[in-house]
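Structure at a glance
Next come the chains, spelled out residue by residue.
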Amino acid sequence: MPHPARDTVTLHDVAAAAGVSLATASRVLGASSRTVAPEFRERVLAAAERLRYTADASARAMRRVSDSLALVADDVTTPSMALVVSAMERAASGAGAFVTVSATRGDPERQLETIRRVRALRPRALVLTSGRVEAGALAGRLLAELRAYEHDGGRVVIVGDTDLPFHSVRFDNRGAAARLGRYVAGTGHRRVVIVAGAPGQAAPEARTAGLVEGLRAGGVDEQAMRIVPCAVSREGGYEVARRLAAEGLRGTDAVLAVNDLIAVGALRGLREAGVAVPADVSLTGFDDIRPAVNVTPRLTTMALPLAYAGTEAIRLALGEPGAITHVTVEGRLVVRDSTRDRAAG
């Protein structure tokens, strides 16, 4: 039996296809906080996807796009993302729109479910911010959902590394990190620890690879580089630094963190262990968030124009129709007090 036409699919259709009650389907696809058994939840979501159901009855009735912009981000609590979101809100407000924000913790299934729910509000544009977004995610279901939203008249912008066929703003994490690595090598550092963050996260992995590349290009033996994972937080940097100091730094003359939060935590850990920065060990960060200049010594870091990235994302989201545009945001080395030139003696 053929499925109902897409515009006539109702919650009743989804419930019938999933073999559940209307109330259960409503709890899964609506905003209810009531728990639904995983088996039923999966059946409802599968039926909704198969029928191409979007819970936007009121929007279908009005058939108009709202003045909202939807931001779907991995994490909105970090200082770097706060800068991006703040810039987006300012740019959107200036254009007479407002931004709604949802966090997904970078989980593709949560991204897909959030995008489905956001579509119900029929926002003017959707900005998906994530370390890496790939067309093959969830066997192509994420791409299909974004395509359907675009087909309905929405605009999609990706902030992060992606191969999706939409407007995008990406950070040159690897290239910027390579420049930082070359600087560290060029100032005479020869035994380096890279505090790499958590495995599997796109930006930390790209920055780690770039640091290794730049250090090697600057003459540092790869055998003299040590890569240490940690939680991407102040606490993660603190714990790593304390552990390194307890083990003995064994001639390490530089610690390079893949973001400023980790570096600030590492600074505290080194100080408590009696390791002086930069007299004993140089320390660098990445991003140039406010804490980078509110610590002593102030952090040498690779500054990313985070506010610019947010503004560009909104420009692409609200701009006139045209060819897909990909913007690459470059980093800028900012040398402060946490590093010293060991080549100068």
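What comes next is a walk through the structure. (Residues numbered from 1 in each chain as written. Predicted model: local features only at pLDDT ≥ 70, side-chain atom pairs only at ≥ 80, totals over all residues. Heavy atoms only, no water.)

1. A short note on the nonpolar core
This is how it is decided: The term nonpolar core refers to a set of buried residues drawn from Ala, Val, Leu, Ile, Met, Phe, Trp, Tyr and Cys, joined through side-chain atoms within 4.5 Å. The buried label applies to any residue whose accessible area, calculated with a 1.4 Å probe on protein chains only, is under 20% of its type's maximum; exposed applies above 50%, and partly exposed to all values in between. It only takes one pair of heavy atoms within 4.5 Å for two residues to be counted as in contact.
L69, M88, V127, V169, V195 and L215 are the most contacted members of the largest nonpolar core, which totals 68 residues. Non-local contacts of V195, meaning those with residues more than four positions away in its chain, are made with V228, C230, V240, V255, L256, A257, V258 and I262. Counting residues in hydrophobic clusters, the runner-up holds 17 residues, among them L112, L126, L128 and I158.

2. Some remarks on unusual backbone geometry
In plain terms, the rule: Secondary structure is summarised from DSSP: a helix means a run of H or I of at least four residues, a strand means a run of E of at least two, and numbering begins at the N terminus for each.
V277 connects to P278 through a cis peptide bond whose omega is 5 degrees. Mapped onto the secondary structure, P278 falls in the loop between α11 (260–272) and β9 (282–287). Here the bond from T296 into P297 is cis, since omega is -5 degrees, no more than 30 degrees from zero. Relative to the helices and strands, P297 is located in the loop between β9 and β10 (300–303). Non-glycine residue R122 carries a positive phi angle of around 50 degrees. Structurally, R122 is set in the loop between α6 (108–119) and β3 (125–133). A residue is classified by how much of its surface remains accessible, and R122, at 11% relative accessible area, is buried. The phi angle at D287 is positive, at roughly 120 degrees, despite the residue not being glycine. Relative to the elements of secondary structure, D287 occurs in strand β9. On the basis of relative accessible area, D287 is assigned to the buried category, the value being 7%.

3. Focus: the pairing of β3
The criterion, for reference: For two strands to pair, DSSP has to find at least two bridges joining them. Here a crossover is taken to be right-handed if, once the strands point away from the viewer, the path from the first strand over the helix to the second is traced clockwise.
In terms of burial, β3 is largely enclosed, as seven of its nine residues are buried. Relative to β3, strand β1 (residues 68–73) is paired through five bridges, and the arrangement is parallel. Bridging from a neighbouring strand, V72 pairs with L128 of β3. Across seven bridges, β3 lies against strand β4 (residues 155–162) in parallel orientation. Bridge pairing links A125 to R155 in β4. Following the chain from β3 across helix α7 (residues 141–151) to the adjacent parallel β4, one finds a crossover that is right-handed.

4. What to know about the pairing of β10
Because side chains alternate across β10, one face comprises the buried residues T300 and M302, and the other comprises T301 and A303, equally buried. Bridge count between β9 and β10: four bridges; the pairing is parallel. Counted as the bridge partner of T284 is T300 from β10. Here β10 pairs with strand β12 (residues 332–334) via three bridges, running antiparallel. When the bridges of β12 are listed, A303 appears paired with R332.

These values are about where atoms sit, not about what they do.
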